[in-house]
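Survey of secondary and tertiary structure
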Amino acid sequence: MGEPVTLSDLVALAVALAVAVLPGASLLFAFGVRARAWFVGFSVPASVGVATLTASACAVVGLRFGPVTLGVVTALLVAAGVVVAVRRRRRSDERVSGRTPGVAWVGQIAGGLLLVGAMLLGARSWFGGLGESLATVGQEHDLIIHHMLTAYIQRSGNGAPWQLMPADVMTGSGVAYYPSGVHLLAAVTAVLLGNTVVALNATTVVVLAFAWVASVAALTYVAARRGRLSRSVASLSGGVAAVVAAGLYRPVFSLMHEGGILANASALVLVPGVLAALLSLPRRGWLPIVPLGVGCAGILAVHPTAAASVGVSFAAWLVGELLVRGGPRRVLRDVPRVVGAGAVAVVVGLPVLAQVLTVSGGPQQFGADIAPQTFSSAVGNAIGLVYAGWVPANAGYPQFAAVVVTMLGVVAVLVTRRGLGALMAWAAWLAIEVAFATSPGVGPETKLAGLFYNAHLRIWSHLSLFAPVLAGLGVVLTACGVVLWLARLAPVVRARARVAVVAVAVVGGALYLALPGVHYASVESEYLATRYVRSHFTRVGADDEKAIAWLAERVRPGERVLNSANDGSTFLYVEKGIPVVNTHSLGTPLAPYTYELMARFNTYPNDPAIRKALRDLNVRWLYVDTIAPGIGSGVSPNNWVGGPSFALAPGFADLDGLPGLTLGFTSGTVSVYELDLDAAAAP
């Protein structure tokens with residue numbers, strides 16, 4: 001178990017929150033954005049956009065990317081915002097025409113409190129899974145590259161898309177593009193905190209707990225306002241939606257438990273906030289399209305599949321808007337600015353797009369990861385928000401309370417015809433999910449599914465982006481309907497209708513938070529714990545820490561450690577900055593020596609090519625863990641593994657007696673060997 005939550009963890013969260021929010025909020029401020037929904041739901045993707053632009057500029061002019069450069073850019077944006085605000089105030093001759101009714105403020109404050117409660121609920125899930133400590137190391141496979149990438153940006157100051165992620169952390173060569181938007185924020189946080197693991201975990205909590213529910217709240221608020229609901233009621237709907245989102249298994253806990261898929265999970269949770277901005281462009285002025293375009297480029301940098309997530313969702317939403325009175329006119333009015341924002345996103349995102357196009361094979365090379373389901377099972381699982389993963393006590397069971405409030409939203413939207421855009425977006429992804437589940441890899445959705453690596457959990461997660469929106473709308477629309485019905489029966493209710501609507505919605509949201517919400521948080525803490533504090537497997541453990549400490553005192557400048565990135569050896573670089581040969585678990589085709597050495601290292605006495613590679617890399621040490629966790633290897637560079645699974649590199653077996661190779665350290669299953677090629681027998 002980790003240590004209890006400490007003041008240092010709270011400080012780390014505060015630092016990560018500031019890094020994730022301030023650059024984007026400053027950008028919005030600089031361009032005169034006033035909409036609160038933008039600041040709530042769009043600041044994080046805008047921050048990633050600012051960070052990506054800053055890192056790219058630093059690479060061009062030869063500066064280090066980090067807290068200083070990002071801080072300077074943020075300060076300049078704030079200064080520009082102050083100038084814009086002062087000029088706007090001087091030019092404005094507007095006067096306050098009235099006062100906001102007290103009940104309206106109560107509704108907005110109550111919605112804000114529900115949002116804060118949702119954030120705390122999400123944090124509770126994460127700290128439970130982390131064992132109450134941000135220093136807990138995640139053991140899931142994909143976290144290998146997340147830690148390495150964060151540490152590389154932190155240590156090197158390289159953060160441009162064309163610099164990430166190198167095969168050789170010493171020279172920065174052999175770059176294979178990896179989505180690094182969130183890692184830019186984590187790396188800045190790591191420099192400020194001086195600890196990569198704490199920084200990555202803190203950034204993860206900020207994005208996957210705080211930004212997730214804020215993103216949903218913003219979209220629900222916008223949906224309610226477009227449905228002609230008051231600010232007070234819209235704020236409440238956003239708060240209720242945030243509470244529901246905090247307890248959903250997907251996308252956050254599914255992707256992190258079932259694969260450690262941080263980049264795609266981060267992109268998915270930011271989609272609602274981006275949609276909220278796209279759907280609430282000001283009617284006048286073109287300046288807001290600039291921060292909107294930068295934020296869209298930001299979510300693209302987080303993970304390129306966001307283009308499909310946002311694109312399909314936005315298109316479906318507009319179809320729903322076309323079905324309501326005045327919808328076509330409103331859609332046509334917004335088109336020019338949306339197109340303008342898209343153009344800005346393309347220009348700002350060119351460095352990312354250029355790297356995406358260099359990826360060999362692309363996500364379509366992966367086959368479907370599930371067998372076909374029956375139609376009834378596919379529909380039931382999708383609508384039922386069913387748990388999956390490797391916690392038998394919960395896998396296969398629906399999130400019943402979340403399903404009820406979501407279905408309440410579906411009915412309320414259909415009856416009132418308010419929020420049809422949200423309903424159509426949910427329905428579109430329901431159709432895509434059912435099509436994929438019933439005919440994976442061969443149905444009409446094949447090309448779209450291919451963009452998501454044909455991975456069921458990634459496609460399925462899209463439904464949960466809109467389920468809480470429908471739930472939030474459902475609760476407030478039902479509250480309005482109940483109050484209107486009671487008002488017909490009792491005049492006293494008619495006189496206090498607004499207060500009654502706020503009261504009913506607040507009670508509903510609070511009850512959900514306190515009952516199913518708390519229960520869901522407990523369940524999802526257990527899911528996270530199986531990959532963090534009580535992991536089902538160990539990739540980085542106490543034996544690794546001992547080996548890292550031993551090697552740190554012996555590795556000389558310019559030397560590399562040969563390793564398999566599937567074990568804890570990558571933490572040589574994460575914790576101590578010691579260069580390792582392998583940063584990717586199966587090696588990379590851009591640096592063939594990475595997997596050739598894993599495949600044939602033990603042939604070096606008689607293999608001139610292997611001996612040359614070892615000399616060229618100045619490999620003096622070999623790090624081996626004989627029981628590293630197994631991973632899938634169906635797609636390995638040049639098919640060097642030759643099978644569907646991989647654990648111990650074949651070149652790291654049968655090492656006893658090899659000339660010039662001396663066992664220097666051992667602890668448990670982890671061993672470190674010293675290599676002296678000059679002492680080895682000549683081939």
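**Re the overall build of the protein**
Secondary structure assignment for the protein yields 27 helices and six strands. Since a compact globule built from 683 residues should have a radius of gyration of about 26 Å, the 26 Å found for the protein is in line with a globular shape. Overall size of the protein, expressed as C-alpha extent along the three principal axes, is 100 × 60 × 50 Å. Within the protein, the fraction of its 683 residues that count as buried is 59%. Contacts spanning at least 24 positions in sequence make up 75% of the contacts within the protein whose residues lie at least 6 apart. Within the structure as shown, the protein displays about 26,600 Å² of accessible surface, and the carbon and sulfur contribution to it stands at 64%. Charged side chains in the protein number 45 positive and 32 negative. The centres of these two groups are separated by 25 Å.

**A short note on the environment of G577**
Note on placement: G577 falls in the loop between α25 (571-576) and α26 (593-600). Sequence-wise, G577 and A552 are 25 residues apart; in three dimensions their C-alpha atoms are separated by 9.0 Å. When neighbours within four sequence positions are excluded, G577 is seen to be in contact with R155 and L572.

**Overview of the side chain of D168**
If you trace the backbone, D168 turns up in the loop between α6 (143-156) and α7 (181-193). The residues touching D168, leaving out its near neighbours within four places in the chain, are S173, R560 and Y593.

**Observations concerning the packing of aromatic side chains**
Tallied over the entire structure, the rule returns 13 aromatic pairs. On the numbers, 5.7 Å between centres and 65° between planes, the contact of W38 with F42 is edge-to-face. Classification of F42 as buried rests on a relative accessible area of 0%. Plain terms: the ring middles of Y595 and W640 are 6.5 Å apart, the flat faces sit at 20° to each other, and that makes the pair stacked. Taken together, the residues Y595 in helix α26 and W640 in the loop between β3 (631-632) and β4 (645-646) connect sequence positions 45 residues apart. Here Y595 matches W640 in class, with each residue buried. Here the aromatic cluster, defined as three or more aromatic residues joined through ring pairs, consists of W126, F253 and Y532. We note R155 situated over the ring of Y573; from NZ or CZ to the ring centre the distance is 5.7 Å. Its guanidinium or amino end placed over the ring of W460, R250 lies 3.4 Å from that ring's centre, counting from NZ or CZ.

**Some thoughts on helix α18 (residues 420-438)**
Over its 19 residues, α18 extends 27 Å from the first C-alpha to the last, a length consistent with the 27 Å expected when each residue adds 1.5 Å. Buried residues dominate α18, accounting for 14 of its 19 residues.

**Structural notes on the pairing of strand β2 (residues 619-625)**
Judged by how many residues are buried, β2 sits mostly within the fold: seven of seven residues are covered. The sheet contact formed by strand β1 (residues 560-562) and β2 spans three bridges and is parallel. For V561, the partnering residue across the bridge sits in β2 and is W621. The pairing of β2 with strand β6 (residues 670-675) spans five bridges and is antiparallel. Of the residues in β6, the one forming a bridge with W621 is E674.

**Points about helix α24 (residues 542-552)**
Taken together, the buried positions of α24 are occupied by D544, A547, I548, W550 and L551. The arc that holds the buried residues of α24, viewed along the axis, is 165°, so those residues lie on one side. Where α24 is buried, its residues contact β1, α25, β2, β5 (661-667) and β6.

**Considerations on the pairing of β5**
Regular strands place side chains that alternate from one sheet face to the opposite one. In this sheet, β6 lies alongside β5 in antiparallel orientation, the contact comprising six bridges. Counterpart to S667 in the pairing with β6 is V670. Taking the residues that link successive antiparallel strands as the turn, the β5-β6 hairpin has two residues, and the phi of G668 there is positive, at about 60°.

**Remarks on the pattern of salt bridges**
In total, this model carries 15 salt bridges according to the counting rule given. Ionic pairing is found between D678 and R615, a salt bridge with its closest N-O pair at 3.1 Å. Taken together, the residues span a long stretch of sequence, with D678 in the segment after β6 and R615 in helix α27 (residues 608-617) at a distance of 63 residues. Three or more residues are tied together by salt bridges with common partners; here these are R226, E321, R330, R333 and D334.

**Some points on the environment of A55**
Tracing the chain through its elements places A55 in helix α3 (residues 43-61). What makes A55 buried here is its relative accessible area of 1%. C-alpha of A55 to C-alpha of I153: the two residues are 98 residues apart in sequence and 9.8 Å apart in space. Setting aside anything within four residues of it in sequence, one finds A55 in contact with F65, G159, A160 and L184.

**Topic: the sheet that holds β6**
Spatial strand order, β1-β2-β6-β5: four strands in an open sheet with mixed pairing. Each of the sheet's edge strands pairs with one partner strand only, and the pair in question is β1 and β5. The sheet shows a mean angle of 25° between the axes of neighbouring strands, direction not considered. Contacting β1, β2, β5 and β6, α24 runs over the sheet at an angle of about 130° to β5.

**A few points about the environment of A497**
Within the secondary structure, A497 is located in helix α23 (residues 497-529). Spatially, the C-alpha atoms of A497 and V269 are 35 Å apart, while their sequence positions differ by 228 residues.

**Quick word on the side chain of E524**
On the secondary structure map, E524 appears in helix α23. An unpaired buried charge is present at E524: no salt bridge exists, and R250, the closest side chain of opposite charge, is 8.5 Å distant. Filtering out sequence-adjacent residues up to four positions away, E524 remains in contact with S125, A246, G247, L248, Y249, F253, Y387 and Q399.

**Examining the packing of α18 against helix α21 (residues 463-489)**
Where α18 contacts α21, the two axes come as close as 9 Å, and the packing angle between them is 145°. Helix-helix and strand crossings are classified by hand; for α18 and α21 the assignment is left-handed. On α21, the residues touching A422, L423, A425, W426, W429, L430 and E433 of α18 are L463, F466, A467, V469, L470 and L473. Tallied by class, the residues present in the contact of α18 with α21 amount to 12 nonpolar, no polar and one charged.

Here is what the cut-offs are and how they apply
Residues numbered from 1 in each chain as written. Predicted model: local features only at pLDDT ≥ 70, side-chain atom pairs only at ≥ 80, totals over all residues. Heavy atoms only, no water. Helix = DSSP H or I, 4+ residues; strand = E, 2+ residues; numbered from the N terminus. Rg over C-alpha atoms; globule rule 2.2 N^0.38 Å. Buried < 20%, exposed > 50% of the residue type's maximum accessible area, 1.4 Å probe, protein only. Contact = heavy atoms within 4.5 Å. Areas by Shrake-Rupley, 256 points an atom, 1.4 Å probe, with all protein chains shown as cover. Lys, Arg positive; Asp, Glu negative; His and termini not counted. Charge placed at Lys NZ, Arg CZ, Asp CG, Glu CD. Phe/Tyr/Trp six-rings, centres within 6.5 Å; stacked < 30°, edge-to-face > 60°. Lys NZ or Arg CZ within 6 Å of the ring centre and 35° of its normal. Expected span 1.5 Å × (residues − 1). Pairing = 2+ DSSP bridges. Arc of directions from axis to C-beta. Salt bridge = Lys/Arg side-chain N within 4 Å of Asp/Glu carboxyl O. Axes fitted to C-alpha atoms, helices over the stretch in contact; angles between N-to-C directions. Left-handed = near helix turned anticlockwise from the far one by under 90°. Nonpolar A, V, L, I, M, F, W, Y, C, P; charged D, E, K, R; others polar.

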